[in-house]
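# Coordinate inspection notes
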Amino acid sequence: MDISLQKVAYRYQENTPFETLAIKDVDINITSGSYTAIIGHTGSGKSTVLQHLNALLTPTSGNVVIGDRLIESGRKNKNLAPIRQKVGIVFQFPESQLFEETVEKDICFGPMNFGVSEEEAKHRAKKALREVGLSEEYLTKSPFDLSGGQMRRVAIAGVLAMEPEVLVLDEPTAGLDPRGRKEIMDMFYRLHKERNLTTILVTHSMEDAAIYADKIVIMNKGNVYKEGEPEAIFSNSEDLIEIGLNVPDIVRFQQKLETLLGYKLDRVHLNMETFIMEVSDHLKKKEDNQ
Amino acid sequence: MMGKMIIGRFVPIDSLLHRLDPRSKLIIVFLFICIVFLANNAATYFILAVYVGLMIMLSKVPFRYIYLGLRPILWLILFTFCLHLFFTKDGNLLFEYGWIKIYEEGLRMGILISLRFFLLIIMTSLLTLTTTPIELTDALETLLAPLKKVRFPVHELALMMSISLRFIPTLMDETEKIMKAQMARGVEFSSGPIKNRIKAIVPLLIPLFVNAFKRAEELATAMEARGYQGGDGRTKYRQLIWKQMDSVMIILLVLVAGLLLVFKS
Amino acid sequence: MDHKVLVAVDSLTFMYEDQQKKALDNVSFQVMQGEWVAIVGHNGSGKSTLAKLLNGLYFSAEGSIRIGDIKISEETVWEARKKIGMVFQNPDNQFVGTTVKDDVAFGLENNAVPREEMHIRVETALAKVNMLPFLDQEPHHLSGGQKQRVAIAGVIALKPSIIVLDEATSMLDPQGRQEVLELMKELKQENMTVISITHDLDEAARADRIIIMNEGKIYKEGKPSEIFQLEKELIDIGLDIPFAIKLRSGLRKQGIQLDKITLTEEELVTELWTSHFKK
């Protein structure tokens, strides 16, 4: 399912003394099956953009096209439920949305709101629980008896059970320890690949964007600052540093080495393995030449 | 969806009323509420109206804000007015139409009672428009301090109030976040049958409550870590300073009370 | 660095009431004056329990904790808290005051500091954390990093000898994290003893010494350069290693020898350059 924002602007609290323009002139195209990372500072507008993806917010000017639905500004858009089911959002610290008596009931909550039968919902709950790496025995537990990390997985399962076509992730690893972060990000990537799930990751982590995304959109002060493939985006680190963002550690390291070497390597490396391979190749060539 | 409320509707301007000690303002409003019942004729109400008008001027608050304070109550005032107008059967009959009978006393009482309401609301609005919630808390804590002698938990109440005030914007933000998360899971808060909308409160309230407990626990831990052991032996950072103008304003109100006594019938 | 022992944990064992497994099992270590010690471990390793015991939130029947000369117990806990200040993980849930200055003053009020002195200490503390312009600001207008800096100001205003940061950066965005880490470095330079409980490797890498907790026990203890050499072991117990160490290890696996132990990118890139390329 494609999603696109067309010249979208959003004003908070229009026509009040507190009116603020959060985003303007935003054009973003998300193609079906892609993995897009949206990067930006707190206040760059990325969470406003995120809320337009499932029509939680509708634009004050411009349009949003979600699949075959057109969300226009100024119109009262009704029947948004199908959109909410198709575009699932995992918010930051999603464990705070848990409320049911049992894990099973909470995971079933989303699907059943969208008309799924209880029997089918329970079936999906089992499946979703497995996907997030928790065993079936958790189904009967109270979500409030679980650890923070487990609660987060249950919350994610609750969104997966809705069987969305697009998955939007808002800083899904916030507050987790290194192992937890890796497990969660690998899990989302696996789901992305297995189900061709269009994935949109809103994040601060340059590393995650470099590793997982095939397209990066950078937001700054309410505008789209830059967009493109990771290699292209990160090869221009001055542009990023200028707006206070960073580049992945390996990119920065490569640049420092290139400064000392006096020449650039063959390509911008987004992960350690390929960087090491190229460095090792270079050194071997040097040896051969000597 | 949820606009940012001006908590307590404080309007930050530099005016004489803003600069008054919150204690004197509280005392003035309290006294005003008492003396407003002394007025019972045109002359006395006129005196009160002049006084309130003077207060409005001294507050430098744009009338728009005062109107905003009155707006929710306007219906109540209108209702009270009509109540007296149609159901007080005293004095000369002024108007008759079918079974609607309006008497002189009814009209008089209607106007006077409504006016009383009106003036009271304006005075209390001026209080919250010119005084921050935390100033009010400080004032209450100081004024009620003598009650400590009868073991009334004055400090605890004041601390509860100030912590609640501090968390109101935070809790509002959190409510909005949880609402959005549940909307993304298919909950409809503002449309659909009433029964469903009421049920929708559950996935909003439970997380809020659970988080509130967690917050309270963490906050209590942090407070203890910083040496909080209750109100005994604490010093106070914020200070209320009674100035000459505060005394002047109280005396002014006392004089108004005196005038009311003279002119009332 | 003075060699006075400021914190002495001895054979500390602790079990929560409703659990069967020990949260802390025979933990012993010391922290010297002026040291920055990072206590690292995955979630559930016991490090958060350790923080609670250091703060006197819980008391253990087995083993002891001494803060200076004071052994922590129910009777002495308030005295101990004057010497050891704590900053917690959630920036909102430790912010008591209605404004920044009120919050910093809260601890001072609790300790009956006279008003004139309070004003001075509040401003000094806020200046130290670069939050002086925000004196009258309300917390909901502040970022996470700013709130944590106010929390640190609230602690240092009380002039303790030890500051414990319990996962104080884990809920912050990268900018906030940087702000707090910079501050921690400055505090340590002023001879404050810093104990930071964290799973952030960059934070741990800046410490003088790292103590690794695993399953309620102390797994290893040592300087960052020593600890991060353990690479695979660390990953096995749920931790991570800093970028420079990972890269060095990867390069060495490809036969690129690097002798000098380097913790930072700068050191590594210089080492790589001088050892292999500059010929």
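So, how was this worked out
- Residues numbered from 1 in each chain as written.
- Chains lettered and ligands numbered in written order.
- Predicted model: local features only at pLDDT ≥ 70, side-chain atom pairs only at ≥ 80, totals over all residues.
- Helix = DSSP H or I, 4+ residues; strand = E, 2+ residues; numbered from the N terminus.
- Rg over C-alpha atoms; globule rule 2.2 N^0.38 Å.
- Buried ≥ 20, exposed ≤ 12 C-beta atoms within 10 Å, placed from the backbone.
- Pairing = 2+ DSSP bridges.
- Axes fitted to C-alpha atoms, helices over the stretch in contact; angles between N-to-C directions.
- Expected span 1.5 Å × (residues − 1).
- Arc of directions from axis to C-beta.
- Contact = placed C-beta atoms within 7 Å.
- Domains from an automatic or database assignment.
- Left-handed = near helix turned anticlockwise from the far one by under 90°.
- Nonpolar A, V, L, I, M, F, W, Y, C, P; charged D, E, K, R; others polar.

## Notes on the overall build of chain B
Within chain B one finds 10 helices and two strands. Mapped from its N terminus to its C terminus, chain B presents α and β elements in the order α-α-α-α-β-β-α-α-α-α-α-α. Its C-alpha atoms give chain B a radius of gyration of 24 Å, more than 25% over the compact-globule value 18 Å for 265 residues. Expressed as lengths along the three principal axes of its C-alpha atoms, the size of chain B is roughly 70 × 55 × 35 Å. Out of the 265 residues in chain B, the part that is buried amounts to 25%.

## Examining the sheet that holds strand E7 (residues 162–166) of chain C
Residue and element names in this part refer to chain C. Spatial strand order, E6-E7-E8-E3-E9-E10: six strands in an open sheet with mixed pairing. Sheet topology places strand E6 (84–87) and strand E10 (217–222) at the edges, where each strand pairs with a single neighbour. On average, each strand axis in the sheet is inclined to that of its neighbour by 20°, with strand direction left out of account. Pairing of strand E9 (residues 209–214) with E10 involves five bridges; the strand directions are antiparallel.

## Observations concerning the sheet that holds strand E4 (residues 62–67) of chain C
All names here are of chain C. The four strands lie next to each other as E2-E1-E4-E5, forming an open sheet whose pairing is antiparallel. In this open sheet, the two edge strands, each paired with only one partner strand, are strand E2 (24–32) and strand E5 (70–71). Summarising the sheet, strand E1 (residues 5–14) and E2 pair through six bridges and their orientation is antiparallel. Bridge pairing links Leu 12 to Val 27 in E2.

## Observations concerning helix H2 (residues 22–35) of chain B
Residues and elements named next belong to chain B. Under the 1.5 Å per step criterion, the end-to-end length of H2 is 20 Å for 14 residues, consistent within 8% with the ideal 20 Å. Among all positions in H2, only Pro 22, Ser 24, Lys 25, Ile 28 and Phe 32 are buried. What you see down the axis of H2 is that its buried residues fit within an arc of 155°, all on one side. Among the exposed residues of H2, those oriented more than 90 degrees off its buried face are Phe 30 and Cys 34. As for H2, its buried residues are in contact with helix H5 (104–130), helix H6 (133–143) and helix H10 (244–263).

## Topic: the domain arrangement of chain B
Per the domain assignment, the segments making up chain B are domain 1 (8–144 + 243–263) and domain 2 (167–225). Distance between the C-alpha centres of domain 1 of chain B and domain 2 of chain B: 37 Å.

## Some remarks on the interface of chain A and chain C
Contact residues are listed per partner, giving 20 residues for chain A and 24 residues for chain C. Listing elements by their share of the side of chain A that touches chain C, those giving two or more residues are helix H6 (178–195), helix H10 (249–261) and helix H11 (272–289) of chain A. Here the side of chain A that touches chain C gets seven residues from one element, more than from any other, and that element is H10 of chain A.

## Notes on the packing of helix H3 (residues 100–110) of chain C against helix H5 (residues 144–156) of chain C
All names here are of chain C. Viewed as axis vectors pointing N to C, H3 and H5 meet at an angle of 35°, and their least axial separation amounts to 7 Å. Crossing hand, H3 versus H5: right-handed. In contact with Val 100, Asp 103, Val 104, Phe 106 and Gly 107 of H3, H5 contributes Val 150, Ala 153 and Gly 154. Its residues placed into classes, the contact of H3 with H5 shows five nonpolar, two polar and one charged.

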